[in-house]
Amino acid sequence: MSPMQRVLESAGTQAAHIEHLWWITVAVCALVFVAIMIAWLWALRRAPRADEATPPDVAIATTAESKSRRVVTGAVALSALGLVALLVASVQTDRALAKLPLEGAIGIRVIGHQWWWDVYYDDPDPLKTFSTANEIYIPVGKPVVITLQAADVIHSLWIPNLHGKRDLIPGHTLTMPIKAEKAGKYRAQCAEFCGLQHAFMALTVNVLPQPDYDRWHDAQLQSAPEPAADAAKRGHDLFLSGDCMMCHAIQGTTANARFGPDLTHIASRETLGAGRIANTPENMAAWIADPGKFKPGVNMPAHRVAKADLDALVAYLGTLK
Amino acid sequence: MNARFDIAILLFAALVAALLAGCDRELRKLSKPDSGPASPAAVAPQVEIQPGQSGPGLKETVAVRTFDGNNAYEMNQGKKLFRWYNCGGCHAQGGGGMGPALMDEKWIYGHDPDQIYETIMNGRPNGMPSFRGRIPEDQAWQLVAYVRSMSGLASKAAAPSRADGLSASPPENTRAHLTPQDTGPQPPVKTP
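Residues numbered from 1 in each chain as written. Chains lettered and ligands numbered in written order. Predicted model: local features only at pLDDT ≥ 70, side-chain atom pairs only at ≥ 80, totals over all residues. Heavy atoms only, no water.

1. Here we look at the sheet that holds strand E5 (residues 143-150) of chain A
In sheet architecture, strand pairing relies on hydrogen bonds along the backbone and comes in two forms, parallel and antiparallel. All names here are of chain A. Strands sit in the order E3-E2-E1-E5-E8 across an open sheet of 5 strands; the sheet is mixed. Because the sheet does not close on itself, it has two edges, and the strands there are strand E3 (130-133) and strand E8 (174-179). For this sheet the average axis-to-axis angle between neighbouring strands, irrespective of direction, equals 25 degrees. Across 4 bridges, the pairing between strand E2 (residues 116-121) and E3 is antiparallel. Each bridged residue has a counterpart across the sheet, and for Tyr120 the counterpart in E3 is Ser131. (Pairing = 2+ DSSP bridges. Helix = DSSP H or I, 4+ residues; strand = E, 2+ residues; numbered from the N terminus. Axes fitted to C-alpha atoms, helices over the stretch in contact; angles between N-to-C directions.)

Written out as structure tokens, the structure reads:
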């Protein structure tokens, strides 16, 4: 099932407020449009008919336009009323967005990078923290506060089914409180141009019932297992002695770098390259060999390595469920 | 035709040529060249020290020299990698610490790009680890381009003009060109 990305199918409290405001705006604008069309057609209908012989109408130069003045004044007042109504609706929506109760909220930290999302589940107990990338899991009906930071340039997080946009600004920390009401899979997208691969910077939000979320959460806390098969063992050695560990982390090993996504549970993710391609062994091998083929300009370098080494790496990464 | 007009045309042509020469400053070679000289026979690193866990490392099957000392993108990538790969852990921001300074005129193992490349990839005695199999070759060449810019050996028009984070030293493009003095044993320069 491909994730949904629709403003008009809100799946959360915040998005519902925004969708509500959207419908009010559409309704007011539609009313104004219809009123203007009617006035225009009416004016066309009652306009004086004339031919070449008709003398010019100079009435407006001699008589006061008291009637026109009344109509214009009335229309201006009506327009002002409509705009003020929209302003009130907008302020009310903002107030509603700010009033989301946050007791017992889950804290998630999202850091925008060119061009992927670094996700941290923080906890006062350091043993209960973990990180993942390009995906967020949240439970239904529980408030979540997403803390937004940027590592390089300005990004913007937009999960249309759950909330409006909010920027990720280097050196600043912003928050985005959300609450999902409907389980499902929703697509988020970087909404601020951030470089060559801006369009391929996607994030999946998985909204799960609480028990399923707890299961996922517990699984994420586990360290990577020791590889059993020979190929995976060789891949493990290559990972920890080669290029990979210079940028990536795998919990439970000596790989601890933070410049690329955490790979502790890479095999459980659905996509590679922030939603660019499906996470299959073939794609993984192609991605390691030349990520620039899928995302030109990506920070991960190409690796021209022997096929046996590549297969061993893919075999090892496949065990990181 | 008067001589003044000819000189004006010549000056204009020179100006256009100079401007066109700047076109490659930002050129980004986003994909690695597919073909290149076959990978050289494995050279035993000069030192046993290696960043990360010791083991087989990832041997590249295609060796391509991608050094471009006048390209802003390559140098800036090198500057980023200098931080990412913790070169600053020993060399600080170029002023030196546990390792030698990189922003002065002294080059113990040579200032030629090929010599710096060998220093990074093979390591050097007394502390410089071998990065062969630890970083891809094109990244090593980016680091070479950046390291040369630290003492003003790169084109001022292309050297980094700002840092992403706080910096203790002036930007690379403002540094004076320091005539390199090779002080230690000189590894041979392979490519002309």
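2. Focus on the side chain of A:Thr204
All names here are of chain A. Tracing the sequence through the fold places Thr204 in strand E10 (residues 202-208). Relative accessible area serves as the criterion here: at 16%, Thr204 is assigned to the buried category. Those residues in contact with Thr204 that sit more than four places away from it in its chain are Pro3, Asn134, Glu135, Ile136, Lys185 and Tyr186. (Buried < 20%, exposed > 50% of the residue type's maximum accessible area, 1.4 Å probe, protein only. Contact = heavy atoms within 4.5 Å.)

3. Description of empty space enclosed by the protein
All names here are of chain A. Counted under the stated rule, the structure contains 1 cavity of 30 Å³ or more. Empty space within the largest cavity amounts to approximately 80 Å³. Residue lining of the largest cavity: Ala133, Asn134, Glu135, Tyr137, Thr204, Asn206, Arg269, Glu270 and Thr271, and that is the complete set. Mapped onto the lining of the largest cavity, the elements with two or more residues apiece are strand E4 (135-139) and E10. A per-class count over the lining of the largest cavity returns 2 nonpolar, 4 polar and 3 charged. (1 Å grid on protein atoms, 1.4 Å probe; cavity = no way out; pocket = protein on both sides within 12 Å on 5 of 7 lines; lining within 4 Å. Points joined across faces, edges and corners; volume = space filled by probe spheres on them. Nonpolar A, V, L, I, M, F, W, Y, C, P; charged D, E, K, R; others polar.)

4. Here we look at the packing of aromatic side chains
One pass over the full model with this rule turns up 12 aromatic pairs over all chains. A ring pair is formed by B:Phe82 and B:Tyr146, whose centres lie 5.5 Å apart and whose planes are at 70 degrees; its orientation type is edge-to-face. Residue B:Phe82 is found in helix H2 (residues 72-84), and its partner B:Tyr146 is found in helix H5 (residues 137-149); the two are separated by 64 residues along the sequence. Taking relative accessible area as the criterion, B:Tyr146 reaches 4% and is therefore assigned buried. Site record: aromatic cluster; members linked through ring pairs are A:Tyr121, A:Phe130, A:Tyr137, A:Tyr213 and A:Trp216. We note A:Arg276 situated over the ring of A:Phe200; from NZ or CZ to the ring centre the distance is 4.0 Å. Stacked on the ring of B:Trp84, the Lys or Arg B:Lys80 has its end atom at 4.4 Å from the ring centre. (Phe/Tyr/Trp six-rings, centres within 6.5 Å; stacked < 30°, edge-to-face > 60°. Lys NZ or Arg CZ within 6 Å of the ring centre and 35° of its normal.)

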